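Descriptive analysis of the structure
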2 protein chains.
Amino acid sequence: MKQYKVGILGATGSVGREMMKILLEREFPVSELHLFASERSAGKVVAWNGRPIQIELASDDAFKGLDIVLGAAENDVAKRFAPAIVKAGAVFIDNSSAFRLREDVPLVVPEVNGEDVFNHRGIIANPNCSTIIAVTAINALRQLSPIVSIVASTYQAVSGAGAAGPVELSEQVSAVMKGQPVQPKVFPYPIAFNLIPQIGSEQESGYTSEEMKLQYEGQKILHLPALRVSCTCVRVPVMRSHSLSLTLRFHHCPTVFEARRAIQRAPGCKLVDDLGEGQYPMPLDTSDQDLVFVGRIRPDLTDEDGLCLWCCGDQIRKGAATNAVQIAELLINGEG
Amino acid sequence: MKQYKVGILGATGSVGREMMKILLEREFPVSELHLFASERSAGKVVAWNGRPIQIELASDDAFKGLDIVLGAAENDVAKRFAPAIVKAGAVFIDNSSAFRLREDVPLVVPEVNGEDVFNHRGIIANPNCSTIIAVTAINALRQLSPIVSIVASTYQAVSGAGAAGPVELSEQVSAVMKGQPVQPKVFPYPIAFNLIPQIGSEQESGYTSEEMKLQYEGQKILHLPALRVSCTCVRVPVMRSHSLSLTLRFHHCPTVFEARRAIQRAPGCKLVDDLGEGQYPMPLDTSDQDLVFVGRIRPDLTDEDGLCLWCCGDQIRKGAATNAVQIAELLINGEG
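Quick look at the structure, then. (Residues numbered from 1 in each chain as written. Chains lettered and ligands numbered in written order. Predicted model: local features only at pLDDT ≥ 70, side-chain atom pairs only at ≥ 80, totals over all residues.)

On a plain count of helices and strands, chain A comes out with 9 helices and 16 strands. Relative to the 2.2 N^0.38 estimate, which gives 20 Å for 336 residues, the radius of gyration of chain A is 20 Å and therefore close to what a compact globule would have. In terms of principal-axis extent, the alpha carbons of chain A reach across some 60 × 55 × 40 Å. Looking at chain A as a whole, 60% of its 336 residues qualify as buried. In chain A, 66% of the contacts between residues at least 6 apart in sequence involve partners at least 24 apart. (Helix = DSSP H or I, 4+ residues; strand = E, 2+ residues; numbered from the N terminus. Rg over C-alpha atoms; globule rule 2.2 N^0.38 Å. Buried ≥ 20, exposed ≤ 12 C-beta atoms within 10 Å, placed from the backbone. Contact = placed C-beta atoms within 7 Å.)

Encoded structure:
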């Protein structure tokens, strides 16, 4: 079996570290793993697959000879190094939002639009974490009937803001329990025992950048350019796993029975839907695994062409690192 | 000024205790306060307005001579004693859901349908806490144009489950921080760092009893019998104040500017709406006060007749105790 030289750009963040784990878990055929970071981390040694790897300084010359580079860095870093990665002949599978909406860059959730991977010109984008969870949950439903619009309210975990998010929530919770004051650093306001209805910056029509991603990225991934999405993104004091309350409008609405059956068979999904028995998706149950749990499927009482549902998924794994490694798997399997 | 003999049925719970505070805060003209509870609490003495009050055992004979009884007990207790309260000639302002949908019982949010108070035949019902917050937030908007439907996702604090809710969240958070196991008692699953997308029992079409209240009680309070509501109720690890993400469909949609102006002038509301400046309602800011904060007002991108907004309010105060005392105020002012 062919082996690949793989790099991770931004290896020291929470997504980069998760990518290292998932390459091993999924037995991705890695001959060499190169970890790239900024000067702050370069030179440090981390363990991977029982051997030490020294973190390299990201530079234009650093990517020569690599086959695949997984991007786990911020937009500016992704933009800075993408040309060098592509020039080196590697495929850049990037988790930042820098290239997601570019026409020459596929935006891929393997269970949804895996075939798009092969249209790449050196860069493949990994979608926004909430978007990955939502489209994985609803993909089987749009195969029953085209989806016209989505009203979404999110419940997003603090780890969506990087490794510093859970640290901040832990520190704030401890401070509150001791009656001490709280000093927000990562989030603009206290998040312990609070909700913050802003993720991302103000963008258009009163929506945030994070809220618009579900519409624009959803349109591209689902190949539904007319899809309309109204999203409200809310940070909640949960460590890990994003949840979404979705109301979907269809051309012709599937029944709840049809929807459940479709989700039961959908790759990447787990149907957890028995309200009478107290069975529904919850973030504590969906953390540290790769499936998107879907439940609370029921008719939309405001529109006969609508369905409501609730879904949860681990936004660091399926919402980021796992999805990127799955894209890499598609690439190498498509080659063979 | 006329003084009133007031009773509180279920005085030892979180809503009953808040009613005691709010009678004082709002200087309700109380000549005598009688506190009623079950055998577990009867005989205990609590302080109110600088004097001791012995808690009385609720019984059919206990209500004689009272003018107003505020109900802060569960449905079974409310049903058990309502006939005796009415027979004693007192008006029963009941916070349970036992009588809310009965045709001969007004269901009142004073800022919204205060005039309904005077149609009572001895019982006036206080609406569900999330419903009070939602209808207070949207009342000024439906005066701009009739509301046809609402899609709602709630973010409900643990204190909505009574005084034991915050105790359970505190205990669980402490246990998790120490790496100890968590034993749910009040809630069916751990609530620390988790979300539970079930409040109330399974009712119809896959909705819970709590979710259907927003439709049925909303129809009655707003005098909109055709109003359709799809609600998803979610318990979140917040101590106090419920939040709702609402998408409203109108006959003719007001502009965001009109909506903001209307809410700015609406009694019971505070407009907190400047995304660029990071201004929006949050539960920590809305706790321990009576206004419903409304923000994130923006067009619904899925429907040209829609608006989205986000609102928060203290569900023990405006969502329960304050609203009940406001109803009592309407009653006594209407008498005068």
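So, next bit.
Once turned by 180 degrees and shifted 0.0 Å along the axis, chain B lies on chain A with an RMSD of 0.0 Å. Classification of the inter-copy transformation places it as that of a two-fold axis. The residues that chain B uses at the interface reappear at the interface of chain A in 100% of cases, marking a shared surface. (Least-squares fit on C-alpha atoms with pLDDT ≥ 70 in both.)

Now for helix H2 (residues 75-87) of chain B. An α-helix turns once every 3.6 residues. As a result, residues three or four positions apart point the same way. Residues and elements named next belong to chain B. Helix length check: H2, at 13 residues, gives a terminal C-alpha distance of 19 Å against a target of 18 Å (1.5 Å per residue), a fit within 8%. Its axis deflected by about 40 degrees at Phe81, H2 carries its strongest bend there, up to four residues before the proline Pro83. Val77, Ala78, Phe81, Ala82 and Ile85 are the residues of H2 that are buried. Packing partners of the buried residues in H2 comprise strand E1 (4-9), strand E6 (68-71), strand E7 (91-94) and strand E8 (123-125). (Expected span 1.5 Å × (residues − 1). Bend = angle between axes of the 7 residues up to and from the residue.)

Let's shift gears to the nonpolar core. Ranked by size, the top nonpolar core spans 230 residues in total, and within it Met19 and Cys311 of chain A together with Met19 and Cys311 of chain B carry the most contacts. With residues near it in sequence (within four places) discarded, Met19 of chain B still touches Ile8, Leu70, Ala72, Ala321, Ala324 and Val325 of chain B. (Core = buried A, V, L, I, M, F, W, Y, C linked by C-beta atoms within 7 Å.)

The next thing to look at is the sheet that holds strand E16 (residues 306-313) of chain B. Within a sheet, adjacent strands bond to each other through the backbone by hydrogen bonds, running parallel or antiparallel. Residue and element names in this part refer to chain B. The strand order across the open sheet built from 6 strands is E12-E9-E13-E16-E15-E14, with neighbouring strands paired in mixed fashion. At either end of the open sheet lies a strand with only one pairing partner, and these are strand E12 (228-232) and strand E14 (269-271). The mean inter-strand angle of the sheet, taken between neighbouring strand axes irrespective of direction, is 25 degrees. Bridge analysis of strand E13 (residues 242-250) against E16 gives 8 bridges, and the strand direction is antiparallel. Within E16, the residue paired with Thr247 across the bridge is Cys308. Sheet strands in contact with helix H4 (residues 129-142) are strand E9 (147-155), E13, E14, strand E15 (292-299) and E16, and its direction is about 40 degrees off that of E13. Packed onto the sheet, helix H7 (residues 256-265) meets E14, E15 and E16 and runs at close to 170 degrees relative to E15. (Pairing = 2+ DSSP bridges. Axes fitted to C-alpha atoms, helices over the stretch in contact; angles between N-to-C directions.)

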